[in-house]
Each structure stands twice: as structure tokens, then as C-alpha cells.
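A look at the structure
One-letter residues, chain by chain:
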Amino acid sequence: MSESPASLPSLPLRKKAWLWASAAVSAACLLTACQTPPGGGISSTPSTPTVSKAYRRDAAQHLYDRNADRIYKGMLPPMLYAIGVLQVQLDSQGRIRNLHWMRKPSHAPEVVAEIERTVRAAAPFPATGSRSTVTYTDTWLWDRSGRFQLDTLSEGQLGQ
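Reading guide: rules and limits
- Residues numbered from 1 in each chain as written.
- Predicted model: local features only at pLDDT ≥ 70, side-chain atom pairs only at ≥ 80, totals over all residues.
- Heavy atoms only, no water.
- Phe/Tyr/Trp six-rings, centres within 6.5 Å; stacked < 30°, edge-to-face > 60°.
- Buried < 20%, exposed > 50% of the residue type's maximum accessible area, 1.4 Å probe, protein only.
- Pairing = 2+ DSSP bridges.
- Helix = DSSP H or I, 4+ residues; strand = E, 2+ residues; numbered from the N terminus.
- Axes fitted to C-alpha atoms, helices over the stretch in contact; angles between N-to-C directions.
- Contact = heavy atoms within 4.5 Å.

**What to know about the packing of aromatic side chains**
Two numbers describe a pair of aromatic rings. These are the distance of the centres and the angle of the planes. Applying the stated criterion to the full structure yields four aromatic pairs. For the pair Trp140 and Phe148, a centre-to-centre distance of 4.8 Å together with 40 degrees between the ring planes defines the contact as tilted. Assessed through its relative accessible area of 2%, Trp140 is described here as buried. Consider the rings of Trp142 and Phe148, whose centres lie 5.5 Å apart with planes at 5 degrees: the pair is stacked. With respect to burial, Trp142 and Phe148 carry one shared label: buried. Aromatic rings pair up to connect Tyr64, Trp140, Trp142 and Phe148 into one cluster.

**Brief notes about the pairing of strand β2 (residues 96–103)**
Alignment of strand β1 (residues 82–90) against β2, held across six bridges, turns out to be antiparallel. If you follow Leu90 over to β2, its bridge partner there is Ile96. Remark: five residues form the turn of the hairpin made by β1 and β2, two consecutive strands paired antiparallel; Gly94 in that turn has positive phi of roughly 90 degrees.

**Details of the sheet that holds β1**
Pairing within the open sheet is antiparallel, and its four strands lie in the order β2-β1-β3-β4. Strands at the two margins of the open sheet, each flanked by one partner only, are β2 and β4 (148–150). Strand-to-strand twist across the sheet, computed as the mean angle between neighbouring axes with direction ignored, equals 30 degrees. In this structure, strand β3 (residues 134–142) lies alongside β4, joined through three bridges in antiparallel fashion. The residue of β4 that forms the bridge with Leu141 is Gln149. In the packing of helix α3 (residues 109–121) onto the sheet, contacts are made with β1, β2 and β3, and the angle to β2 comes to roughly 150 degrees.

Okay, structure coming up:
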């Protein structure tokens, strides 16, 4: 399938036209993306992941302040009794809206109940500084003594 000599001169023009069209479409897409606010223009409030990361430390400190006598002091032992990952959803005033276990220590249901009781007893948490809900996640590191640390403020764990 060879092309006739008459069509060869028009080939570079087709390539140029195609390149210009591609460049124009790319520029239009880029400009459109720059004009669209984050979140598709739905809200100007910070996204939940950003807020929850910043808020997690405040929430952990609040729990520590309310449970000072139950915090495990120093580095945790190498073998912990239970580890749980709990997601807490709060309204703008720091009131608990929902608790959701991402990793529940199923071998220790008494620890699950105690963590939930501890979180509920600590409410209200500090106000979130947002008009919407905030969901943060923390890992509970539970010792056999019943004392705990939160991963956010943990002092670490002893080597074996």
C-alpha cells in the first residue's frame, strides 16, 4: 500500500492540524481544571481527611486528659493484650455521632466495650472548628493491666 506522490505533501499538513487540535483540547482541559474548585464546587470547607488528621491529636489528648490514671506510662510491652482501630464521627460541637470499628479485637469483647464506654464518657470532645462532621481514626493499644495508649500519642513499644 504505497501512497501516491500527490498525497505525500499533504501528510505533514494533516500532522500539523492534528497536533494543533490536540494542543487546543489539552489547553482547554487544563484551563477547565484550574477553574473547578476542589470537590467539584460543592463545598469550600476543608476535606474530611485533612481535618481528621489535624483533629486526631486533639482528640487523643482529650482522651488522655480524661483518663490520666488509665494511660500506660512509658514504652508498651512487646506483647499487648488487644489492639483495636476505632473510627469516631463527631459533630461540629464535639458530640459523638457514630463509632465504627475498623479492626475490633474480637478475642477481647470486654476491651471493645471498655473502649466504647471510655470514648462516650469523654464526650463532648473539643469543637471541630468545622460546620460539618469530622471522622477521625485512632489505634488503641491495650495492655493486660487495663491501661492503654493511643497510637497518636504512643511512647512506642519495647523490643522483644
